[in-house]
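# Descriptive structure summary
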Amino acid sequence: MNAAVRATVRRAAFHGLQMYGINHGYNGLMRGDIKEMTLGSVGDIIHRGGTILYTARSEEFKTEAGQELAVEQLRRHGIEGLIVIGGDGSFRGAQSLTKKGFPTIGVPGTIDNDIPCTDFTIGFDTALNTIVEAIDKIRDTATSHERTYIIEVMGRDAGDLALYAGLAAGAETILIPEAATDLDEIVERLHAGHHRGKKHSIIIVAEGVGSAAEYAELITRRTGWETRVTVLGHIQRGGSPTAFDRMLASRLGAAAVDLLLEGKADRMVGVQNNQIVDVDFDEAFSKRHRLDLSVYQLALSLSI
Ligand code: F6P
C-alpha cells in the first residue's frame, strides 16, 4: 500500500496538484485526521510493508451521518477528489461518497486477491511469497520427521492465496472454498501418495474452509498418522513488498490520479492481461471474483 500511496502523491505532484493523506481510513476522514503530503512525505517508503497512513475498519462510516461528515471534512479541506486503496468494503464506501457528489476512484489492495475486474490486487504477491517461503521451511522438517503438515493461510472468502501457494510450494492437497473436497478424497490422496513412497505430506487449508486444527484432527483419526499444524496468521500481511507488488501499486496509484484529472469518478482501476484498466464500481459490484479453476486442476494433476 505504501508504494501506491507514494505513486499517487508523486504522480499528483508531477501534474502540479496539491495532495492530502487521510490517516486511519474512513474513521480518520470523519474526524478530519487529514495532513498535507509532499514529495518528501512519501520518500523511503516504497520498500516498507503496511501503510504510513494507517488503516481501520469503520462501522460508523456505513451510516448516512458518517458519510455526510466525511464529505463535509473533504470540502472543508478544499479536497476535490479522493483515492481509496482497499477492498470491496472500501470501494462501497467510496461509491457512497460519489453518490453524494464527491468524486472517488478505488485502487484494489488486499492480500486475498478477491476483487473482481482485476487479475491481481496489491499485497497478494507479497503475501503469497511469504507463504511459499514458510512452506519451504516447513517442508524441511516435514521431510526429516516424515509427518503430515497442515498449514492454514488467510483468505476469508477466496482461495487464491492457498491455491497459488499450494501450486508454487508443491503441496499434496489444497483446500479452498471454491472447490469442495471431501474428507474421503483427501484421505484417499494421502494414502495413494504414501503407497508410492511419499513419507510426508503438506496440506494447505484456506481459512474460508475451516481451521487447520480441525482438519489435522480428522486426518489423524482417519489415518492414524502424526500431524502438525501451522497457522501462518498475520505474518502474511506484513513485510517488504515484492517487486511485482511495487510495480502494480505504482501503476495503479498513478492511474487513479490520471483518472480523477480526466474528470472520471465512481470507478476502480485494475490490471487485466498486464494492461491497466478502469471499471465502473457498479460493474465491479455486479461481478464476483473468480478463482481460476484451471490452476486448481493443474495443482491437483502435479501433486499426484
Ligand atoms: O481481507 C483480508 C484479510 O487479510 C483476510 O484474509 C483475513 O481473514 C482478514 O483480513 C484478517 O483481518 P483482521 O486483521 O482484521 O483480523
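Scroll up to find the structure this text is about.
The following paragraphs examine the structure supplied in this document. (Residues numbered from 1 in each chain as written. Predicted model: local features only at pLDDT ≥ 70, side-chain atom pairs only at ≥ 80, totals over all residues. Heavy atoms only, no water.)

### Quick notes on the site of the ligand
Around the ligand lies a shell formed by Arg57, Thr110, Ile111, Asp112, Met154, Gly155, Arg156, Glu207, His234 and Arg237. Within the side chain of Asp112, a nitrogen or oxygen atom sits 2.6 Å from an oxygen atom of the ligand. Take Arg237: an N or O atom from its side chain is 2.7 Å from an oxygen atom of the ligand. Contact with the protein chains covers 74% of the free accessible surface of the ligand, which is 400 Å². (Near = heavy atom within 4 Å. Polar contact = N/O pair within 3.5 Å; in protein donor to acceptor, adjacent residues only side chain to side chain. Areas by Shrake-Rupley, 256 points an atom, 1.4 Å probe, with all protein chains shown as cover.)

### So, the sheet that holds strand S5 (residues 148-153)
The pairing of strands in a sheet comes from backbone hydrogen bonds and takes either a parallel or an antiparallel form. Strand order in the open sheet formed by four strands is S6-S7-S5-S8, with parallel pairing between adjacent strands. Looking along the sheet, the strands with just one partner apiece sit at the ends: strand S6 (173-175) and strand S8 (227-231). The average undirected angle you get between the axes of adjacent strands in this sheet is 15°. The pairing of S6 with strand S7 (residues 201-206) spans three bridges and is classified as parallel. Bridging across to S7, Leu175 finds its partner in Val205. (Pairing = 2+ DSSP bridges. Helix = DSSP H or I, 4+ residues; strand = E, 2+ residues; numbered from the N terminus. Axes fitted to C-alpha atoms, helices over the stretch in contact; angles between N-to-C directions.)

### Concerning the packing of aromatic side chains
In this structure the tally under the stated criterion is six aromatic pairs. Ring centres 5.4 Å apart and planes at 40° place the aromatic pair Phe91 and Phe281 in the tilted group. Note that Phe91 is positioned in helix H4 (residues 88-99) and Phe281 in helix H10 (residues 281-286), a separation of 190 residues in sequence. Exposure class is identical for Phe91 and Phe281. Each is buried. Ring centres of Phe120 and Phe244 lie 5.4 Å apart, and the angle between their planes is 85°; this geometry places the pair in the edge-to-face category. With Phe120 in the loop between strand S4 (104-108) and helix H5 (124-145) and Phe244 in helix H9 (residues 243-261), this pair connects stretches of sequence that are 124 residues apart. (Phe/Tyr/Trp six-rings, centres within 6.5 Å; stacked < 30°, edge-to-face > 60°. Buried < 20%, exposed > 50% of the residue type's maximum accessible area, 1.4 Å probe, protein only.)

### Let's talk about the sheet that holds strand S10 (residues 275-280)
Judged by pairing direction, the sheet is mixed, and its four strands sit side by side in the order S3-S4-S9-S10 without closing on themselves. Where the open sheet ends on each side, the last strands, each with one partner, are strand S3 (82-86) and S10. Here the average twist between neighbouring strands, direction ignored, is 30°. Judged from the five bridges that link them, S3 and S4 form a sheet pairing that is parallel. When the bridges of S4 are listed, Ile83 appears paired with Ile105.

### Section: unusual backbone geometry
Of note in the backbone geometry, Cys117 takes a positive phi value of approximately 70° without being a glycine. For Cys117, a relative accessible area of 12% corresponds to the buried category. Backbone geometry places Asp266, a non-glycine residue, at a positive phi of 60°. Residue placement: Asp266 occurs in the loop between H9 and strand S9 (267-272).

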